[in-house]
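Here's the letter readout for the chains.
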Amino acid sequence: MTFAELTEFIKKISKSKDTSFQESGLELQKLIFSLPKDKFLPILKEIGTIPENIDHDSSEEKLYSKCTDIVLAKTFQEIGMKSTVNKERANSADVFGKSEYHDYTYVGDAKAFRLSRTAKNQKDFKVKSMVDWKGDNDYAILVCPYYQYPKTNSQIYGQALDGNVCLLSWEHLVFFIEHNIVESTKMNLSRIWNFSDTLSESITIKDKNKNTNFYQDGNKIICSTIGKPLNDLIASLEKHKARIIQRGQGEIKFWEEKIQDIKKYSKEQAISELITSMKLNEKIEAIRSYIQSLS
């Protein structure tokens, strides 16, 4: 299955009136969990970027978000760990799991962003929430697109150090799977999940918000744990950068074609589309409902 086929599948089942959101999620999970590694890897490479052809704040976007949870859980399974998806999702981590060999537990949270949304703040990453969601588990693992993490110093890096949250990326996970990294009695991946705690022992308060804690020091710990040269990881990340640029060109084309379609609208159609996009009828109905509740 290609990534494009997956997004079309998400659109299709999100529009089904006979299937609840939970049922759609289970259908999606059954599909993704059944994929062999070679069919799953192309999806993992793309999942961190939400396609522009998925409508914002729509049922299909919510299902896409659930899909990121499922892909994260599947990835942990591929690297030799037990992993399940949180069915409730409310105020909790997306993924729960356990090491089969080293008796530790973890929670994971998956994040995906649009290329058109460049302005992000620390709340988008929910690092502090991860600390709470970890609870009695040993580790908390946040997975975001590598190049969407703050490129300048940020409080999220200090928050990760303070709360021992592992800042990881989809690109790191791709690197693991491409190099057949699987936890075993000899390989304990907890050193990666614990790298914020390791770094906090040597980083001063003044430097705790530096992005180099993640982009440099974190990568060194990851590579030393799995026995791979740092240059190999850097080369892999550069390949992902090229892929993102290519994706970006496709996303630009999508909106350029949308602009051309809009230019063909009649006056009546343009007005109707504007009313719909601004959700004006929904706003009127919300006010009307509130007024009626006061009667």
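Structural data are supplied above this passage.
Residues numbered from 1 in each chain as written. Predicted model: local features only at pLDDT ≥ 70, side-chain atom pairs only at ≥ 80, totals over all residues. Heavy atoms only, no water.

Enquirer: Looking at this model, I keep getting lost on the sheet that holds strand 5 (residues 165-169). Mind explaining?
Expert: Sheets are built from strands paired through backbone hydrogen bonds, the pairs being either parallel or antiparallel. Read from one edge of the open sheet, five strands run 1-2-3-4-5, paired in mixed fashion. Of all the strands in the sheet, the pair left with one neighbour each is strand 1 (81-85) and strand 5. On average, each strand axis in the sheet is tilted by 25 degrees relative to the strand beside it, whichever way the strands run. Bridge count for strand 4 (residues 139-144) against strand 5 is five bridges, and the pairing is parallel. Its bridge partner lying in strand 5, A140 is registered against V165. Against the sheet, helix 4 (residues 59-78) contacts strand 1, strand 2 (95-99), strand 3 (105-110) and strand 4, and its axis sits at roughly 165 degrees relative to strand 1. (Pairing = 2+ DSSP bridges. Helix = DSSP H or I, 4+ residues; strand = E, 2+ residues; numbered from the N terminus. Axes fitted to C-alpha atoms, helices over the stretch in contact; angles between N-to-C directions. Contact = heavy atoms within 4.5 Å.)

Enquirer: Help me out: how do you make sense of the pairing of strand 2 in this one?
Expert: A regular strand places its side chains so that they alternate between the two faces of the sheet. By the alternation rule, side chains of strand 2 split into V95, G97 and S99, which are all buried, and F96 and K98, of which none is buried. Sheet topology note: the strand 1/strand 2 ladder contains five bridges and is antiparallel. For T84, the partnering residue across the bridge sits in strand 2 and is F96. Where strand 2 and strand 3 come together, four bridges link them in antiparallel fashion. The residue of strand 3 that forms the bridge with K98 is T105. Following strand 2, the chain reverses through five residues before pairing antiparallel with strand 3; D103 in that reversal takes a positive phi of roughly 55 degrees. (Buried < 20%, exposed > 50% of the residue type's maximum accessible area, 1.4 Å probe, protein only.)

Enquirer: Looking at this structure, I do not really get the packing of helix 8 (residues 170-178) against helix 11 (residues 212-226). What am I missing?
Expert: Working note: a packed helix pair is described by the angle between its axes plus the distance between those axes. The N-to-C vectors of helix 8 and helix 11 enclose an angle of 20 degrees; their axes lie 13 Å apart at closest approach. Classed by the angle they form, the pair helix 8 and helix 11 counts as roughly parallel. Two packed elements cross with a definite hand, and for helix 8 against helix 11 that hand is right-handed. Together, H172, F175 and F176 of helix 8 and F214, N219, I222 and I226 of helix 11 make up the contact between the two elements. (Parallel < 35°, antiparallel > 145°, perpendicular 65-115°, else oblique. Left-handed = near helix turned anticlockwise from the far one by under 90°.)

Enquirer: What should I look at first to understand the nonpolar core in this one?
Expert: General note: in soluble globular proteins, nonpolar side chains tend to be found buried as a group. Counting 76 residues, the largest nonpolar core has Y149, L168, F176, L189, I192 and W193 as its most contacted members. It is helix 4 that provides the largest number of residues to this core, a total of eight residues. (Core = buried A, V, L, I, M, F, W, Y, C linked by side-chain atoms within 4.5 Å.)

Enquirer: Can you walk me through the layout of surface pockets in this structure?
Expert: Unfilled space is identified by rolling a water-sized probe across the atoms. Its boundaries defined by the atoms lining it, the largest pocket holds a volume of some 1,100 Å³. Contributing elements (two or more residues each) for the lining of the largest pocket: helix 4, helix 12 (230-263) and helix 13 (267-277). Per element, the largest residue contribution to the lining of the largest pocket is five residues, and it comes from helix 4. A breakdown of the residues in the lining of the largest pocket according to their chemical character gives ten nonpolar, five polar and 15 charged. Lining of the second largest pocket is provided by 20 residues; of these, T49, L115, Y147, Q148 and I244 occupy positions nearest its centre. (1 Å grid on protein atoms, 1.4 Å probe; cavity = no way out; pocket = protein on both sides within 12 Å on 5 of 7 lines; lining within 4 Å. Points joined across faces, edges and corners; volume = space filled by probe spheres on them. Nonpolar A, V, L, I, M, F, W, Y, C, P; charged D, E, K, R; others polar.)

Enquirer: Explanation requested: the packing of aromatic side chains in the structure shown.
Expert: Each aromatic ring pair is described using two quantities: the centre-to-centre distance and the angle formed by the ring planes. Applying the stated rule across the entire model yields 13 aromatic pairs. A ring pair is formed by F76 and W193, whose centres lie 6.0 Å apart and whose planes are at 90 degrees; its orientation type is edge-to-face. Highlighted residues: F76 in helix 4 and W193 in helix 9 (residues 190-193), separated in sequence by 117 residues. Each member of the pair, F76 together with W193, is buried. Summarising the aromatic geometry, the rings of Y146 and Y147 are spaced 5.0 Å apart at their centres and angled 85 degrees between planes, so their arrangement reads as edge-to-face. Aromatic ring contacts, followed pair by pair, group F113, F125, Y146, Y147, Y149, Y157, F214 and Y215 into a single cluster. (Phe/Tyr/Trp six-rings, centres within 6.5 Å; stacked < 30°, edge-to-face > 60°.)

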